[in-house]
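Examining the three-dimensional arrangement
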Amino acid sequence: MGSEPEVVAQRSCGKLIGTRVLQYLNGGPLSFKTHQAIVLIVTFFAYASYHATRKTTSIVKNVLDPQSADTSLTFFRLRPTNFTESNGSRRLSSNLGDGWAPFNGSDGTSLLGELDVAFLAVYAFGMYFSGHLGDRCNLRIFLTVGMLGTGLFTSLFGVGYWGNIHNFYYYLVVQMIAGLFQSTGWPSVVAVVGNWFGKSKRGLIMGIWNAHTSVGNIAGSLIASAMLSYGWGWSFVVPGLITAFIGLVVFLILPVTPESVGAGREEDECGSPKKSGEEAAEPLLRQETPVEEKAVGFIEAWKIPGVAPFAFCLFFAKLVAYTFLYWLPFYVSHTAIDGKYLSSGTSGTLSTLFDVGGVLGGILAGHISDHLNARAITAASFMYCAIPALFFYRSYGHISLILNGVLMFITGMFVNGPYALITTAVSADLGTHKSLNGNSRALATVTAIIDGTGSIGAAVGPLLTGYISAKSWSAVFTMLMVAALIAGLLLTRLVVSEVATKIEESRSNRAPECSLEV
């Protein structure tokens, strides 16, 4: 081993350009907590930008296919005269005309559904490989490439507007390649955050951090809605450019591990010595030995206890969440609320309440699961609560704008709560499961397995909705309620196990008290 000055020199040479700039501005080395803050902020905006690019499609749908409403509102039984442009409630931009071929035909809704499923199917397929690669390469470079590719192909979809492109296969291929690049995001950001944070309050920290999903959806909705008046192409190009820019920031400043920037773990509260009467929190990724770890295989990762139940639960949870992600603005704009139809831009803005509810749901789910130390109980409870929330939104959301917003917020809270919990804290827990004997090279793979399986459900939901909504939105909501029920039931065995553990802990805690009384 070299001398201490040599080690310091090597660490300095290996530091990122952004880190060097920040150290220069700070007038000295950055603390461990400062690096943690950088990791949280950079990965937050990185994944928020991914979701912003995904959300644009749902905002532009009713611009590409404005005439499909008369085939998708059968359950309201409203008079056709309510759905006209003459009353001003269905105004579209003068740039948009009567939609955009080939999506403005009788099969436009189905074609848009096919775009969604193509994107999500490739995304789910790529997720498995991304996790496998993520555990074997530099996550900073891997994430940067993914973000630049996502920005490029999101923008290329919008280029179809100025290029006057009406070939369905152009948009299909662009969406599929964009999905492949997007699959690099989630395994990367979860693995990086996992490298820097321990298990103490992981659910709460990751619940707050996971707000990037909803923040990205909200930002994507607002940006895409604002750009519609200039031409729908801008609704794709602007989020695409933002994503590419943040990708460059990731390349310049994101520290993948504490070792990569010479940050001492002794400053981390998770690795600090025990205080009197306290237990030291277990580090998320142990660094007890310098032995090089071998990445965990795909099949091995599936065998980790809890991975399969949570993965299949997420399949149905994301089926519900992504149906709302891709179809909620379309549904709102094609639904008479208090007897009036909202414009495309207003519908997109209103739909952000679902994501605002999702932010609260993710934080609550994380905090409750930390407090109870019961991830499965928390996730299952939220999924069961989502069933009546979906029913009430479907049945009473059309009465008034305020009631629609309130019910949408509540639905978002219960739908996105377990989705956020499983994809963050649960994935991190299982990626560092005790059966791995401290091996840290499984986190991206486990994250990819769970979210990849969930993403298959995310592809199925919007695809089925594209076909079912043409006949009845009632059937769509029935499908979503059944999916939420199945998601909860899939965790039954884990819930029973957690309940049994709680009962045993309660009995063991009462035993000393009884002996003291005697």
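Everything discussed here concerns the structure shown above.
**Side note on unusual backbone geometry**
Cis rather than trans, the peptide bond between alanine 101 and proline 102 has omega equal to 10 degrees. Its location among the elements puts proline 102 in the loop between helix 3 (32-64) and helix 4 (108-134). In this model, aspartate 338 sits at a positive phi of 55 degrees, which is unusual for a non-glycine residue. Looking at the secondary structure, you find aspartate 338 in the loop between helix 12 (307-333) and helix 13 (344-350). Exposure remark for aspartate 338: the relative accessible area of 54% places this residue in the exposed category.

**Points about helix 3**
Taking 1.5 Å of rise per residue, 33 residues should cover 48 Å, and helix 3 covers 49 Å from first to last C-alpha, within 8% of that figure. In terms of burial, helix 3 is a largely internal element, 27 of the 33 residues being buried.

**Some points on helix 9 (residues 211-227)**
Between the first and last C-alpha of helix 9 there are 24 Å, a value that for 17 residues agrees with the 24 Å anticipated at 1.5 Å per step. Within helix 9, 12 of the 17 residues are buried, leaving the element largely enclosed by the surrounding structure. For helix 9, every residue scored as buried is listed here: Ala211, His212, Thr213, Ser214, Gly216, Asn217, Ile218, Gly220, Ser221, Ala224, Ser225 and Met227.

**Examining the nonpolar core**
Ranked by size, the top nonpolar core spans 91 residues in total, and within it Trp232, Phe324, Val332 and Tyr393 carry the most contacts. No other element matches the 19 residues that helix 12 contributes to this core. Of all hydrophobic cores here, the second largest spans 33 residues; its members include Leu30, Phe44, Val250 and Leu254.

**Concerning the packing of aromatic side chains**
The description of an aromatic ring pair uses the distance of the two centres, along with the angle that the planes make with each other. Enumeration over the complete set of coordinates arrives at 34 aromatic pairs. A ring pair is formed by tyrosine 170 and tyrosine 171, whose centres lie 5.2 Å apart and whose planes are at 85 degrees; its orientation type is edge-to-face. Between tryptophan 232 and phenylalanine 236, the aromatic rings sit 6.0 Å apart at their centres with planes inclined by 85 degrees, giving edge-to-face as the arrangement. The residues tryptophan 232 and phenylalanine 236 share a single accessibility class, namely buried.

Conventions we followed
Residues numbered from 1 in each chain as written. Predicted model: local features only at pLDDT ≥ 70, side-chain atom pairs only at ≥ 80, totals over all residues. Heavy atoms only, no water. Helix = DSSP H or I, 4+ residues; strand = E, 2+ residues; numbered from the N terminus. Buried < 20%, exposed > 50% of the residue type's maximum accessible area, 1.4 Å probe, protein only. Expected span 1.5 Å × (residues − 1). Core = buried A, V, L, I, M, F, W, Y, C linked by side-chain atoms within 4.5 Å. Phe/Tyr/Trp six-rings, centres within 6.5 Å; stacked < 30°, edge-to-face > 60°.

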